[in-house]
Amino acid sequence: MSSQIKHWLILQLLLLTLLNAAYAALKESSEEGEESAGFWRRQAQEQLKERLARTRDYTTDSRRAKNVVILLGDGLSVTTMTAGRILKGQRQGRRGEDSRLAVEQFPFAGLCKTYCVDEQTPDSACTATAYLGGVKTLSGAVGQSASGEPVESLLLWAQKAGKATGVVTTTRVTDASPAGSYAHVPKRVEELEIARQLVEEEPGRNFEVILGGGLGKFRAERRDGKDLLALWREENPDGCFARNMAELRNCSNSAGKVMGIFSDNHMPYHLASHRDQPRLKDMSAAAIKKLAEKAQETGEDHGYVVFIEGGRIDHGHHETRVGYALDEMLEFDAAVETVLKMIDPKETLVVVTADHSHALSMAGYSRRGTSILGMDEQQRDLDGVPYSTLNYAIGKWQSLDKDGKRESPSKTLGPTSYTPSYIRGRKGVHSGEDVAVFAIGPQAHLFGGVMEQNLLPHLMGYAACMGDGLTCCHQDQVPG
Ligand SMILES: [Zn+2]
C-alpha cells in the first residue's frame, strides 16, 4: 500500500471517528433534552406513575388534599437537623441526642436528588424552580427552564384551582427561594425585576399573604422610580401592610390581603432580632389563619397553598457560624410545630424539605452530651490538638497558629463564633448530597423513597388536584 493511500485511509478513519463522536454528543443532548421544560415534566410524570404503582399495595389512601403547606429549610442538611436536635435538647439542660424535632411526628420521609442541569451541587434558584415548578434548570435561573421557557409554579396551579395562596420567608421576599413561587428571570440577582413581577404579574399579584424582608427592592433601591408598595396599596385598597409584629397582629383582623415587610434587607437572624420582629412561627400562623379565612370567603372553600421558608439557616452556614445556622434551624422547627397544631392532616398535606445541603460535618467519636456548639474534649488529632464537635469542609476560618499549624479553637469557640473549617475558602459552601423530605396528610405516602427534586410539585399537584399532570381526582388516568 502506498504511503499516500495509507495517509488517506488514516484521515478517513479519523474523520469517521470525529463524526461519530459529534453525532453521539448531539444525540445525547437531544435525547436527554435537559434544557427543555417538557423533558422534566415528562420525567416527573413517569416517576409519579411508577410511584403510584409501587405504593399501591401499601396504602388505600385516596383522599384529596384541600390545602398544601410547603415548609422549606434553606440549606437544611441532615447534619444540620441532627445538630439542631441536639442543641434543642441541650438548651433544655439535657444531653440532647434523644430530643425530638417536629418532623419526627411525620409518618413518611424520603430523599431528594438536588442536582441542577449544569451543577452537581446546586444553588437555591435552580432548586426552587425544581421543587416549586417541577423543572430542573441552570444554576441562578428562577422560574424558567435552561432554554429560557417560563415555568409555571405550584402557586399558579393553586390559583387556577381556586385556592388562596401565600408566601412567607425570613429572607428578602425577592430572594431566590420565594421568587421560585412567582418569578421568571434568567438570573436570581435581578431582584428589582423580581419585586416588580411580585406586585404586577401573576401569580404574585394575587397572593393573599406576602411576609418577609427586603423592603429596599420595592422602593428605595429602585432605579425605575416605581413605588411598588404604593402600587400594591392602590391595587388592594382593603389590604393591610405591616412593618412589625404589632402591625401584623392588627392585620389579622382586617378583611383584605396582607403584606408584611419587616426589614430593608433579609430579616435579622432570630438571635440578633429586635423584640417587635415577628418570628417565623408567628408569620406562619398569621399566614395560615388568613389563607384559611380567604379560602372560606369564596363560599366554595377550595383551600389554600402556602410556601414557608426558613431562609437564614443557609446564611449562618455561608458565614460558617454554625450557632446562627442551628438557631435558625430551631426557629424553622418551631414553625413546623406551629403549622402541625393549626392544620388537620385529614385535609392538609404538609411537606417539609430543603433545597440543598451544606458542608457541615459532625465528625469524630464525641461522647454523649458533648456540647454541640463547643469542643469535643475527648478527641485529639495526630498532633494531640483537640477539635470542635462541628466543623465545615470549606469555610472562611481555620484555627491556625502563627506558623500555620492547627491549634485548638477552644479559646474562640462560642454560641455565635466562627466554626473551624478544613479547607480555607471565601465562605461556607453548599454540598451536593441528597436532602430529606417529610410528609404528612393526604397522599403523604407518595413522598417516600428516593426521588428527583422536581418530582415534588407533581406529587403535590397529584394530591391536591392542581396542575395539568396526573391527579388523584382523575383516578381513571392512574395506570392499572
Ligand atoms: Zn446558599
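Predicted model only: the values in this text are computed from it and were never measured.

Q: Quick question: what am I supposed to make of the overall build of the protein chain here?
A: Counting secondary structure elements, the protein chain contains 13 helices and 17 strands. Its C-alpha atoms give the protein chain a radius of gyration of 25 Å, within 12% of the compact-globule value 23 Å for 480 residues. Per-residue burial for the protein chain yields a buried fraction of 55% across its 480 residues. Here the protein chain has roughly 21100 Å² of accessible surface; of this, 51% comes from carbon and sulfur atoms. Here the protein chain holds 56 positive side-chain charges and 63 negative ones, and the gap between their average locations is 4 Å.

Q: Even after reading the chapter, I still don't get the coordination of the zinc ion, so can you show me in this structure?
A: Coordination angles at a metal have ideal targets, namely 109.5 degrees for four tetrahedral donors and 90 or 180 degrees for six octahedral donors. Coordination of the zinc ion by the protein comes from D314 (OD), D314 (OD), H318 (NE2) and H430 (NE2), over a distance range of 2.0 to 2.4 Å. Taken together, the 4 donor atoms surrounding the zinc ion define angles of 57 to 150° at the centre, an arrangement classified as irregular. Counting the intervening residues between successive donors of the zinc ion yields the motif D-x3-H-x111-H. Placement of the pair is D314 and H318 together in helix α11 (residues 313-318), with a separation of 4 residues, close to one helical turn. Judged by its relative accessible area of 16%, H318 falls in the buried class.

Q: What's the story with the domain arrangement of the protein chain in this structure? I'm lost.
A: It is common to give the size of an interface as the accessible area lost on bringing the parts into contact. Entries for the protein chain in the domain assignment read domain 1 (41-359 + 429-477) and domain 2 (370-420). Between the C-alpha centres of domain 1 and domain 2 the distance comes to 34 Å. Listed as interface residues are 17 residues of domain 1 and, on the opposing side, 16 residues of domain 2. Here domain 1 meets domain 2 over a buried area of about 1400 Å², counting both sides, of which 62% is carbon and sulfur.

Q: Can you walk me through the state of the cysteines in this structure?
A: Put plainly, two cysteines are in a disulfide when a covalent bond ties their sulfur atoms together. Under the defined criterion, the tally for this structure stands at 3 disulfides. Disulfide pairing is shown between C116 and C126; the S-S distance is 1.9 Å. Across the disulfide from C116 to C126, rotation about the S-S bond amounts to roughly 85°, and the bridge is consequently right-handed. Pair noted here: C116 is in the loop between β2 (108-113) and α4 (124-133) and C126 is in helix α4, with a separation of 10 residues, a long-range link. Note on C116: relative accessible area 4%, which makes it buried. Through a disulfide, C240 is tied to C251; the S-S separation comes to 2.1 Å. Where C240 bonds to C251 through sulfur, the torsion about that S-S bond is close to -80°, and the disulfide is left-handed.

Q: So what exactly am I meant to see when it comes to the nonpolar core here?
A: One recurring pattern in soluble globular proteins is that nonpolar side chains are buried together. Core analysis: the biggest nonpolar cluster contains 114 residues, and L71 and F447 have the highest contact counts within it. In terms of domain composition, this core takes at least three residues from each of domain 1 (41-359 + 429-477) and domain 2 (370-420). In contact with L71, not counting residues within four places along its chain, are I308, F332, A335, V336, V339, V350, V351, V352 and T353.

Q: So what exactly am I meant to see when it comes to the pairing of strand β6 (residues 258-261) here?
A: It is a general feature of regular strands that their side chains alternate between the two faces of the sheet. Judged by which residues are buried, β6 turns out to be covered on both faces: V258 and G260 on one side and M259 and I261 on the other are all buried. For the segment spanning strand β5 (residues 240-242), helix α9 (residues 245-251) and β6, crossover handedness is right-handed.

Q: Would you mind going over the side chain of S431 with me for this structure?
A: Mapped onto the elements, S431 comes out in strand β15 (residues 430-431). Owing to a relative accessible area of 11%, S431 belongs among the buried residues under this scheme. Looking at S431, its side chain comes within polar contact range of the main-chain oxygen of H358, at 3.3 Å.

Q: Honestly, the sheet that holds strand β10 (residues 360-361) in this entry has me stumped. Any pointers?
A: Backbone-to-backbone hydrogen bonds join strands into a sheet, with any given pair of strands oriented parallel or antiparallel. Taken in spatial order, the 3 strands make up an open sheet running β10-β13-β14, and their pairing is mixed. Edge positions in the sheet fall to β10 and β14 (421-424), since each has one partner strand and no second. Here 3 bridges tie strand β13 (residues 391-395) to β14, and the two strands are oriented parallel to one another. Bridge pairing links I394 to I423 in β14.

Q: Is there a simple way to think about the environment of G75 in this case?
A: Residue placement: G75 occurs in the loop between β1 (67-73) and α3 (78-91). On the accessibility criterion, G75 (0% relative accessible area) is buried. A C-alpha to C-alpha distance of 19 Å links G75 and V450, two positions 375 residues apart in sequence. With near-sequence residues (within four places) excluded, G75 lies in contact with T80, I313, D314, H317, D355, H356 and H358.

Q: Is there a simple way to think about the pairing of strand β8 (residues 348-354) in this case?
A: Of all 7 residues making up β8, 7 are buried, and the element is well covered by its neighbours. One ladder, built from 4 bridges, connects β8 with strand β16 (residues 435-440); its direction is antiparallel. When the sheet's bridge partners are listed, V351 is paired in β16 with A439.

Q: When you look at the environment of G110 in this model, what are you seeing that I'm missing?
A: Structurally, G110 is set in strand β2. In contact with G110, not counting residues within four places along its chain, are V435, A436, V437, F447, G448, G449 and M451.

Q: Hey, could you run me through the packing of aromatic side chains in this one?
A: The way to describe two aromatic rings as a pair is by their centre distance and the angle between their planes. Following the criterion strictly, the structure yields 5 aromatic pairs and no others. Ring centres of Y182 and F207 lie 6.0 Å apart, and the angle between their planes is 85°; this geometry places the pair in the edge-to-face category. Taken as a pair, Y182 in the loop between α6 (176-179) and α7 (191-200) and F207 in the loop between α7 and β4 (209-213) lie far apart in primary sequence, 25 residues in all. Ring geometry for Y269 against Y324: centres 4.4 Å apart, planes inclined by 20°, an arrangement best described as stacked. Taken as a pair, Y269 in the loop between β6 and α10 (280-297) and Y324 in helix α12 (residues 322-342) lie far apart in primary sequence, 55 residues in all. Members of the aromatic cluster, each reached through a chain of ring pairs, are F39, W40 and Y115. The ring of Y115 carries the charged tip of K136 above its face, separated from the ring centre by 3.5 Å.

What counts as what
Residues numbered from 1 in each chain as written. Predicted model: local features only at pLDDT ≥ 70, side-chain atom pairs only at ≥ 80, totals over all residues. Heavy atoms only, no water. Helix = DSSP H or I, 4+ residues; strand = E, 2+ residues; numbered from the N terminus. Rg over C-alpha atoms; globule rule 2.2 N^0.38 Å. Buried < 20%, exposed > 50% of the residue type's maximum accessible area, 1.4 Å probe, protein only. Areas by Shrake-Rupley, 256 points an atom, 1.4 Å probe, with all protein chains shown as cover. Lys, Arg positive; Asp, Glu negative; His and termini not counted. Charge placed at Lys NZ, Arg CZ, Asp CG, Glu CD. Donors = N, O, S within 2.8 Å, 3.2 Å for Na, K, Ca; no water. Tetrahedral: all angles 85-135°; square planar, octahedral: opposite > 155°, others 65-115°. Domains from an automatic or database assignment. Contact = heavy atoms within 4.5 Å. Buried area = accessible area lost by both parts, 1.4 Å probe. Disulfide = S-S within 2.5 Å. Core = buried A, V, L, I, M, F, W, Y, C linked by side-chain atoms within 4.5 Å. Right-handed = clockwise from strand over helix to strand, strands pointing away. Polar contact = N/O pair within 3.5 Å; in protein donor to acceptor, adjacent residues only side chain to side chain. Pairing = 2+ DSSP bridges. Phe/Tyr/Trp six-rings, centres within 6.5 Å; stacked < 30°, edge-to-face > 60°. Lys NZ or Arg CZ within 6 Å of the ring centre and 35° of its normal.

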